[in-house]
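# Summary of the model geometry
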Amino acid sequence: MNFQFYMPTRIIMGENCINNNAAAIAALGKKALIVTGKHSAENNGSLKDVTQVLEKNAQQYVLFNRVMSNPTIDCVYEGAQIAKDHGVDFIIAIGGGSPMDAAKSIALLASQEIARQDLFSGKYGDKVLPMAFIPTTAGTGSEVTQYSILTNDAAQTKTTVASPALFPNIAFLDGKYMDALGLTTTINTAVDALSHAVEGMLSNRASQLTDMIAAQSIGKIASCFESLKSGNISTKDRQNLLYGSTLAGMVIAHTGTTAVHSMGYSLTYFRDIDHGRANGLLLAEFLKLVKCQCPEKIQQILSLMGYENIEAFEEIMNALLGEKEKMTLEEVEKFASIAIKAKNISNCIVVPTQEDLLKIYKTVFSV
Ligand code: NAP
Ligand code: ZN
C-alpha cells in the first residue's frame, strides 16, 4: 500500500456549532474579512451568527458580499484589495462553493503579490490568511479542499487555483442554514457532491482510504434521493447531505475530479448551466464509458446506491434533473475540444478521448 493523506482542516459539525465554538474563531485573528454571496448569508441567519460571535470575541470585521456564482478573477482581486486596505488578518467565508472558492483566492492574494497572468500558474508561496468556512449548500465540499475554482475567460472554462496552503483552517457544518435552500439548488448541489464521491472512486489517484470515505459519502447522499425526488427534505436529510458533501470534498482533495467535471465546466461557461446540474447530466453516460473497461468498479458504486444497473441510476438522475437543455452539434463539438484539454481528464482510471467526450455530450443531449 502506498498513499498520502493530508486533511489539515478542523471540522466542527452540529447545531449552533459557530456559537458553541467562539474560541476557535477568536484564535484566528483580530480583524476578519467576511466573504459571502449577495443575499443568502444574511437571509439564512449564518451571517448574524458569525457577527455575533465576532462581537462577543471583540474581533473586528469587514463584509465583502459581492461574490457571484462562478466567481471571476476580477471579484477575487477586488476582495483581496479590500482585505489589504482594511488590514484584515483572517477570512471567514459563508455560502455555497462560490463565496468559499472566492475566499480562498482572496486569502492568497491578500498575502502574496501574484500577477493576474500567474494566477493559475500553481507557483505560490505558503503565505495565506487563516480561514474559517461555513458551507450553506451541501455540494462542493470546498470547506475541506485546497481548490479555488474561478471563471477563466482566457481559456473559456473554469480553472483551479490549487495549493495545500488553501485548505481552510476550520469548517463549521450546521445544516440549519439550509432549511430554506430551494429544491433546485438542493438537488443540484447534492448531485455535485455525489459526482465528487463517484469520480473520486474512478480516479487513478484513489486509495483504499479515499474509497472508504467516498463509499460512506455515496451511501449518505443516495439515502436522500427519494426525499429529493418528493421535495420533502427533513432535517436528517439536510445533515446527511451536508456530511456526505464534506466527505466527498475530502475525497476530491486527494483524488481530484475527472472528465465529468471537465465536461461540466463547458456547460457552465457557455450555457450557464448550474455546476452540479452540469455534472449530474453527464454522470450516468460517463459511468457507461468506464464500465466497458472496469465493470467491477461501476458495480461497486451502483451497489452503494442500491442500484443493480446504470439504467436505474440514470432514471433517478433524470427524475431529479428534469428536462435537458437543447444543444447543437457545433456546440458540443466545441465543448469536447475544450474539455479534453483540462488537467483532470487524465485522472480517470479510463482516460477518455475527445471522441469519447463528444459521444457522451451527443448521447446526453440527443444531438
Ligand atoms: P453557489 O454559486 O455558491 O450558490 C448558488 C446559489 O445558492 C446562490 O444564489 C446563493 O445565493 C444560494 N444559496 C447559497 N446558500 C444558500 C442557503 N443556505 N439558502 C438559500 N440560498 C442559498 O453554488 P454552489 O453549487 O454551492 O457552488 C458552485 C461553485 O463551487 C462553482 O463555482 C464550482 O466551480 C465550485 N466548486 C468548487 C469545488 C471545490 O473543491 N472548491 C468543488 C465543486 C464545485 P447568494 O449568492 O445570495 O449567496
Ligand atoms: Zn463539483
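Note that the structure is predicted; figures quoted are calculated from it, not measured. (Residues numbered from 1 in each chain as written. Chains lettered and ligands numbered in written order. Predicted model: local features only at pLDDT ≥ 70, side-chain atom pairs only at ≥ 80, totals over all residues. Heavy atoms only, no water.)

## Remarks on the site of ligand 1
- Neighbouring ligand 1 are 30 residues; His-39, Ser-40, Ser-98, Thr-137 and Lys-158 lie closest to it.
- Backbone polar atom of Gly-97 to an oxygen atom of ligand 1: 2.8 Å apart, as the coordinates give it.
- A distance of 2.8 Å is found between a nitrogen atom of ligand 1 and a side-chain nitrogen or oxygen belonging to Thr-136.
- Relative to its unbound accessible area of 950 Å², ligand 1 is 87% covered by the protein chains.
- Of all elements in the fold, only α6 (97-109), β6 (147-152) and α7 (183-201) reach the threshold of two or more residues within the shell around ligand 1.
- When residues in the shell around ligand 1 are grouped by element, the largest group, five residues, is from α6.
- Looking at the shell around ligand 1, its residues break down into seven nonpolar, 18 polar and five charged. (Near = heavy atom within 4 Å. Polar contact = N/O pair within 3.5 Å; in protein donor to acceptor, adjacent residues only side chain to side chain. Areas by Shrake-Rupley, 256 points an atom, 1.4 Å probe, with all protein chains shown as cover. Helix = DSSP H or I, 4+ residues; strand = E, 2+ residues; numbered from the N terminus. Nonpolar A, V, L, I, M, F, W, Y, C, P; charged D, E, K, R; others polar.)

## Comments concerning the coordination of the zinc ion (ligand 2)
- Only Asp-192 (OD), His-196 (NE2), His-261 (NE2) and His-275 (NE2) from the protein coordinate the zinc ion (ligand 2), and they sit 2.1 to 2.2 Å from it.
- Viewed at the metal, the four donor atoms of the zinc ion (ligand 2) are separated by angles of 86 to 168°, and the geometry they form is irregular.
- Between the donor residues of the zinc ion (ligand 2), the gaps in sequence give the motif D-x3-H-x64-H-x13-H. Taken together, the residues span a long stretch of sequence, with His-196 in helix α7 and His-275 in helix α12 (residues 275-291) at a distance of 79 residues. Accessibility assignment for this pair places His-196 and His-275 in one class, buried. (Donors = N, O, S within 2.8 Å, 3.2 Å for Na, K, Ca; no water. Tetrahedral: all angles 85-135°; square planar, octahedral: opposite > 155°, others 65-115°. Buried < 20%, exposed > 50% of the residue type's maximum accessible area, 1.4 Å probe, protein only.)

## Brief notes about the pattern of salt bridges
- Taken as a whole and judged by the stated rule, the model has eleven salt bridges.
- The partner of Asp-174 in a salt bridge is Lys-176, and the shortest N-O contact between them spans 3.9 Å.
- Its relative accessible area of 2% is what places Asp-174 among the buried residues.
- Exposure remark for Lys-176: the relative accessible area of 25% places this residue in the partly exposed category.
- Here Glu-285 and Lys-288 are joined by a salt bridge, their closest N and O atoms 3.2 Å apart. Within this pair, Glu-285 and its partner Lys-288 are both found in helix α12, separated by three residues, close to a single helical turn.
- For Glu-285, a relative accessible area of 14% puts it in the buried group.
- Three or more residues are tied together by salt bridges with common partners; here these are Asp-49, Asp-174 and Lys-176. (Salt bridge = Lys/Arg side-chain N within 4 Å of Asp/Glu carboxyl O.)

## A word on the pairing of strand β8 (residues 170-173)
- In β8, alternate side chains face the same way, and those of Ile-170 and Phe-172 on one face and Ala-171 and Leu-173 on the other are all buried.
- Of the pairings in the sheet, the one linking strand β1 (residues 10-13) to β8 comprises four bridges and is parallel in character. Counted as the bridge partner of Met-13 is Leu-173 from β8.
- Across two bridges, strand β5 (residues 131-135) lies against β8 in parallel orientation. (Pairing = 2+ DSSP bridges.)

## Here we look at the packing of aromatic side chains
- Summed over all chains, the structure comprises six aromatic pairs.
- The interplanar angle of 20° and the centroid separation of 5.6 Å between the aromatic rings of Phe-270 and Phe-335 together place this pair among those described as stacked. Residue Phe-270 is located in helix α11 (residues 259-271), and its partner Phe-335 is located in helix α15 (residues 329-339); the two are separated by 65 residues in the primary sequence.
- One aromatic cluster in this structure is built from Tyr-269, Phe-270, Phe-335 and Tyr-361.
- When the ring centre of Tyr-77 is taken as origin, the NZ or CZ atom of Arg-116, which lies over that ring, is 4.6 Å away. (Phe/Tyr/Trp six-rings, centres within 6.5 Å; stacked < 30°, edge-to-face > 60°. Lys NZ or Arg CZ within 6 Å of the ring centre and 35° of its normal.)

## Points about the sheet that holds β1
- Across the sheet, six strands lie side by side as β1-β8-β5-β4-β2-β3; this open sheet has parallel pairing. Of all strands in the sheet, those bounded by a partner on one side alone are β1 and β3 (60-64). Strand-to-strand, the axes of this sheet are offset by a mean angle of 20°, without reference to chain direction.
- In the sheet, strand β2 (residues 31-35) pairs with strand β4 (residues 90-95) via four bridges, with the strands oriented parallel. Looking across to β4, one finds that Val-35 is bridged to Ala-93.
- Along the sheet face, helix α4 (residues 46-56) touches β2, β3, β4 and β5 and points at about 155° away from the line of β4.
- Packing against the sheet, helix α5 (residues 73-85) makes contact with β2 and β3, and its axis sits at approximately 160° to β3. (Axes fitted to C-alpha atoms, helices over the stretch in contact; angles between N-to-C directions. Contact = heavy atoms within 4.5 Å.)

## A closer look at helix α14 (residues 310-321)
- Compared with an ideal rise of 1.5 Å per residue, which puts twelve residues at 16 Å, α14 spans 16 Å between its outermost C-alpha atoms and is within 8% of the ideal.
- By the burial criterion, the buried members of α14 are Ile-310, Phe-313, Glu-314, Ile-316, Met-317, Leu-320 and Leu-321. Seen end-on, α14 carries its buried residues on one side only, within an arc spanning 165°.
- Against α7, α9 (225-230), α12 and α13 (295-305) lie the buried residues of α14.
- One or two residues past the end of α14 sits Gly-322, with phi positive at roughly 70°. (Expected span 1.5 Å × (residues − 1). Arc of directions from axis to C-beta.)

## Digging into the nonpolar core
- Core analysis: the biggest nonpolar cluster contains 72 residues, and Leu-194, Phe-225, Met-305, Phe-313 and Tyr-361 have the highest contact counts within it.
- At nine residues, the largest contribution of residues to this core is made by α12.
- With residues near it in sequence (within four places) discarded, Phe-313 still touches Leu-194, Leu-283, Ala-284, Leu-287, Leu-302, Met-305 and Tyr-307. (Core = buried A, V, L, I, M, F, W, Y, C linked by side-chain atoms within 4.5 Å.)

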